Amino acid sequence: MNNTSPRPYGWPAFALLVLLGLSAPYAIAATSDPADSSATGAFATEAETILTPYQIYLSEVSPDPRDIAGPYEEDLVHQTVIEFYEARNHQPAWIKDGKLQPNAQDLLDTLPYAPTEGLRTEDYRPEELAKLLDAFRASRPTETDIMAMDYALSQTYFVVAAHMTRGRVDTSSVRLPWYSTPRPMPSHEVLHTALNRRRVPQSLGELAPDRKEYQDLKKNLERYRNLAAGGGWVEVPGGPTLRPDKSPDSLRVATMEKRLHQEGFLSAVAGDGVLSESLQEAVKRFQESRGLLVDGQAGRVSIEEMNVSVEDRIQQIEMNMERWRWMPEDFGERHLRVNIPAFKLELWDGGDAPDTTIRVVVGRKKWETPVFSDSMRYVVVNPYWRVPSTVAGKTILTKILEDSTYLASSNFEIFTDWGRDAEKVDPATVDWESISATDFPYKLVQRPGPSNALGSVKFLFPNKFAIYLHDTPSSSAFKRWTRGYSHGCVRVEDPMRLAEFAFAADTLMTPEKFSKAVKSRRHRTFTLPEPVPVHLIYFTVEEQDGEVRFYRDIYRVDRDLARAIEKRRPLPKSE
């Protein structure tokens with residue numbers, strides 16, 4: 001076939017031609033001259049197979065005829081559509097004898113329900129698709145019209161399917177190092193089955209993450225949208241802390257009471273401006289729901305959290321639903337889970353809730369704890385701490401300059417490098433004033449002992465980030481409501497409970513035996529009999545004990561993701 005007049009790509013051109021009932025200027029010939037070797041083009045085989053018109057169409061079609069797929073998903077979606085038509089011998093799927101089948105309308109009718117899954121209906125341009133379907137029904141479609149219409153419906157289906165399973169942008173859309181295995185793109189067989197059984201809407205709904213955490217978010221998304229539809233909640237004026245031992249501003253108290261009632265923390269409103277016991281209890285419930293210090297006193301931070309709009313909370317839920325699509329389907333029946341913005345470690349041993357929750361300290365801003373999964377394999381008692389060069393230069397050097405005895409009093413040794421034959425360096429021979437914080441030339445090792453930064457126990461799941469869980473000699477940080485203070489590793493408040501969980505499959509390692517090993521002050525490494533999956537995750541919304549919890553977006557992941565979705569392209573990673 002000599003295709004001397006290439007069809008102009010892009011859906012708007014097709015739409016205009018369909019609406020006018022014209023197609024000849026861009027139609028691809030349905031027949032070809034076998035004598036013309038160029039007829040099969042790039043698809044030619046040794047036998048010079050003659051291609052069907054639809055094969056030729058698919059080889060030339062724009063990956064995105066309706067402009068609804070972004071750069072992230074367009075190649076994946078287009079390839080799935082190609083496989084879909086190959087499996088059905090390049091026959092139309094949504095159109096029979098030139099007429100649209102009911103499945104086409106079912107797909108269109110499904111798009112307005114996208115927001116229930118935290119997606120945006122407008123991303124799939126339902127109004128435009130409706131006009132195109134109407135125009136197609138009213139026209140005398142050519143073979144090429146049928147190809148284009150059928151392809152567009154399949155492509156729309158798989159764009160929605162991709163969003164439901166893998167999300168709308170790549171994990172690089174957030175600046176936090178995020179390494180997870182997203183769920184796979186649904187195969188073309190999913191659409192085959194849906195069309196044969198006329199289950200297009202149901203098949204898309206079934207692609208959502210089959211996790212309780214996702215379903216909890218979906219339920220709360222509906223609840224907060226209903227709150228928004230009802231006007232949201234009032235804003236509480238700023239001012240001094242509202243506390244019972246002082247005479248608080250009665251107008252501010254009454255406004256706060258109304259605010260808490262609107263979100264369901266109070267069953268009734270007295271309206272008298274009195275900071276009653278029931279109102280204080282409501283403040284405590286609110287503070288707990290936001291991961292704040294629970295004291296019943298409405299200070300600056302509590303009021304700021306109350307004044308986050310319902311629209312912002314809705315977006316926060318949507319961003320968390322999006323990130324659950326990035327996560328692996330199975331965390332393992334028995335596993336550890338660190339939710340970074342919630343500052344907590346959960347020990348899961350089957351079931352829908354953790355068996356134990358332990359407070360943790362995570363990485364501070366610029367030392368972010370990354371998101372990834374691995375398996376814990378070793379537990380080290382009385383560990384050595386090999387100080388990362390960046391920490392040595394930016395933190396330890398400052399302490400050395402302030403106190404010349406710091407290294408000795410803190411049990412540090414200095415070496416020329418990390419090799420077995422590395423020379424030990426006498427700190428008295430070093431001109432510390434001349435050392436650059438950004439180019440620290442020595443290797444610091446802190447010996448086991450009471451002052452060791454890793455405490456008495458270190459839990460290893462070897463990974464490229466050199467991240468691990470560990471004890472700490474300083475417990476004061478665990479009493480704070482916000483706990484982003486480390487250099488990336490995760491400090492654990494109750495390492496002995498974690499060790500008990502890790503060694504559960506080892507009948508020889510009793511809690512008493514492990515405690516004895518720790519008290520010996522002897523450095524030892526134990527191998528776990530069974531690796532324990534570890535998941536470092538980042539979710540700022542969750543349901544706990546039947547109530548929704550919102551946490552502060554300490555690494556601004558929600559913000560980055562919302563911006564990326566708005567732009568429909570991944571943001572670059574920061575250096």
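Residues numbered from 1 in each chain as written. Predicted model: local features only at pLDDT ≥ 70, side-chain atom pairs only at ≥ 80, totals over all residues. Heavy atoms only, no water.

For the protein chain, the count of helices and strands is 18 helices and 17 strands. Counting across all 575 residues of the protein chain, residues that qualify as buried make up 51%. The long-range fraction of contacts in the protein chain, counting pairs at least 24 apart against all pairs at least 6 apart in sequence, stands at 71%. On the protein chain, roughly 27,500 Å² of surface is accessible, and the fraction owed to carbon and sulfur atoms is 48%. (Helix = DSSP H or I, 4+ residues; strand = E, 2+ residues; numbered from the N terminus. Buried < 20%, exposed > 50% of the residue type's maximum accessible area, 1.4 Å probe, protein only. Contact = heavy atoms within 4.5 Å. Areas by Shrake-Rupley, 256 points an atom, 1.4 Å probe, with all protein chains shown as cover.)

Before going further, it helps to examine helix H3 (residues 74-87). A rise of 1.5 Å per residue sets the reference length of H3, with its 14 residues, at 20 Å; its end C-alpha atoms lie 20 Å apart and thus fit the reference within 8%. Within the span of H3, buried status applies to Val-77, His-78, Thr-80, Val-81, Ile-82, Phe-84 and Tyr-85. Residues of H3 that are buried make contact with helix H2 (53-60), helix H6 (143-166) and helix H7 (188-197). (Expected span 1.5 Å × (residues − 1).)

Counted according to the given criterion, the structure contains 20 aromatic pairs. Taking 5.7 Å as the distance between ring centres and 45° as the angle between the ring planes, the aromatic pair formed by Phe-503 and Phe-514 counts as tilted. Of this pair, Phe-503 sits in the loop between helix H16 (495-502) and helix H17 (511-519) while Phe-514 sits in helix H17; the two residues are eleven residues apart in sequence, bridging distant segments of the chain. As far as burial versus exposure is concerned, Phe-503 and Phe-514 are alike and both buried. If you follow Arg-337 out to its NZ or CZ, it ends over the ring of Trp-348, 3.9 Å from the centre. Lys-458 extends its terminal NZ or CZ atom over the ring of Tyr-468, reaching a point 5.1 Å from the ring centre. (Phe/Tyr/Trp six-rings, centres within 6.5 Å; stacked < 30°, edge-to-face > 60°. Lys NZ or Arg CZ within 6 Å of the ring centre and 35° of its normal.)

Take the pattern of salt bridges next. Tallying each qualifying case throughout the model produces 35 salt bridges. The salt bridge involving Asp-106 is made with Arg-198; its shortest N-O contact spans 2.8 Å. Note that Asp-106 is positioned in helix H4 (residues 102-110) and Arg-198 in the loop between H7 and helix H8 (200-205), a separation of 92 residues in sequence. The buried category is assigned to Asp-106, whose relative accessible area is 15%. Arg-198 sits in the partly exposed class, given a relative accessible area of 47%. Glu-213 serves as the salt-bridge partner of Arg-337, at 2.7 Å between the closest nitrogen and oxygen. Here Arg-337 is found in strand E3 (residues 334-339), whereas its partner Glu-213 is found in helix H9 (residues 212-229), with 124 residues between them in sequence. (Salt bridge = Lys/Arg side-chain N within 4 Å of Asp/Glu carboxyl O.)

Across four bridges, strand E6 (residues 372-381) lies against strand E11 (residues 457-460) in antiparallel orientation. Bridging from a neighbouring strand, Val-381 pairs with Val-457 of E11. Examined bridge by bridge, E11 and strand E12 (residues 469-470) share two bridges and lie antiparallel to one another. Bridge pairing in E12 links Lys-458 to His-470. (Pairing = 2+ DSSP bridges.)

Moving on, we get to the packing of H2 against H6. In contact at an axis separation of 11 Å, H2 and H6 are set at 55° when each is read in the N-to-C sense. Between H2 and H6, the angle falls in the class oblique. Crossing handedness for the pair H2 and H6: right-handed. Note on element contacts: H6 touches H2 through Glu-143, Met-147, Ala-148, Asp-150 and Tyr-151, opposite Pro-53, Tyr-54, Tyr-57 and Leu-58. Partitioning the contact of H2 with H6 into residue classes produces seven nonpolar, no polar and two charged. (Axes fitted to C-alpha atoms, helices over the stretch in contact; angles between N-to-C directions. Parallel < 35°, antiparallel > 145°, perpendicular 65-115°, else oblique. Left-handed = near helix turned anticlockwise from the far one by under 90°. Nonpolar A, V, L, I, M, F, W, Y, C, P; charged D, E, K, R; others polar.)

Of note, Arg-198 is a non-glycine position whose phi angle comes to about 50°, a positive value. Residues other than glycine seldom take positive phi values, yet Arg-556 does so here, at roughly 60°. Of note, Arg-556 is situated in the loop between strand E17 (547-550) and helix H18 (557-567).

A word on the environment of Asn-220. Considering the arrangement of structural elements, one finds Asn-220 in helix H9. Take Asn-220: its relative accessible area is 5%, and that puts it in the buried class. Dropping the residues within four chain positions of it, Asn-220 is found in contact with Ile-317, Glu-543 and Val-548. A distance of 2.9 Å separates the side chain of Asn-220 from the backbone oxygen of Asp-216, its partner in a polar contact. (Polar contact = N/O pair within 3.5 Å; in protein donor to acceptor, adjacent residues only side chain to side chain.)

What follows concerns the side chain of Arg-323. Note that Arg-323 resides in helix H13 (residues 310-324). Arg-323 gets classed as buried once you look at its relative accessible area, which sits at 0%.

For H16, the complete set of buried residues consists of Pro-495, Leu-498, Ala-499, Phe-501 and Ala-502. Seen from one end, H16 has its buried residues packed into an arc of 160°, which puts them on one side. (Arc of directions from axis to C-beta.)

The next point concerns the packing of H3 against H7. H7 packs onto H3 with a crossing angle of 55° between their chain directions and a minimal axis gap of 8 Å. Here H3 lies oblique to H7, going by the angle between them. Here H3 runs over H7; the crossing is right-handed. Residues Thr-80, Glu-83, Phe-84 and Ala-87 of H3 lie in contact with H7, whose contacting residues are His-188, Leu-191, His-192 and Leu-195.

Topologically, Glu-346 is positioned in strand E4 (residues 344-349). Sequence-distant contacts of Glu-346, defined by excluding residues within four places in its chain, comprise His-335, Leu-336, Arg-337, Pro-354, Thr-356, Thr-357 and Glu-542.

This paragraph deals with the confidence of the model for the protein chain. For the protein chain, per-residue confidence averages 87 on the pLDDT scale, and 89% of positions sit at 70 or higher. Confidence over residues 1-48 falls short of pLDDT 50; this stretch has 68 contacts with residues more than four positions distant or in other chains. Contacts for the low-pLDDT stretch residues 569-575, under 50 throughout, to residues beyond four places or in other chains number 18 contacts. (pLDDT = per-residue confidence, 0-100.)

On to the nonpolar core, then. Trp-94, Tyr-157, Leu-336, Met-376, Trp-432 and Leu-469 are the most contacted members of the largest nonpolar core, which has 134 residues in total. Not counting chain neighbours up to four residues away, the residues in contact with Leu-336 comprise Leu-345, Glu-346, Leu-347, Met-376, Leu-469, Leu-498, Phe-501, Val-532, Pro-533, Val-534 and His-535. Grouped together as the second largest cluster of nonpolar side chains are 15 residues, Met-256, Leu-266, Phe-286 and Met-306 included. (Core = buried A, V, L, I, M, F, W, Y, C linked by side-chain atoms within 4.5 Å.)

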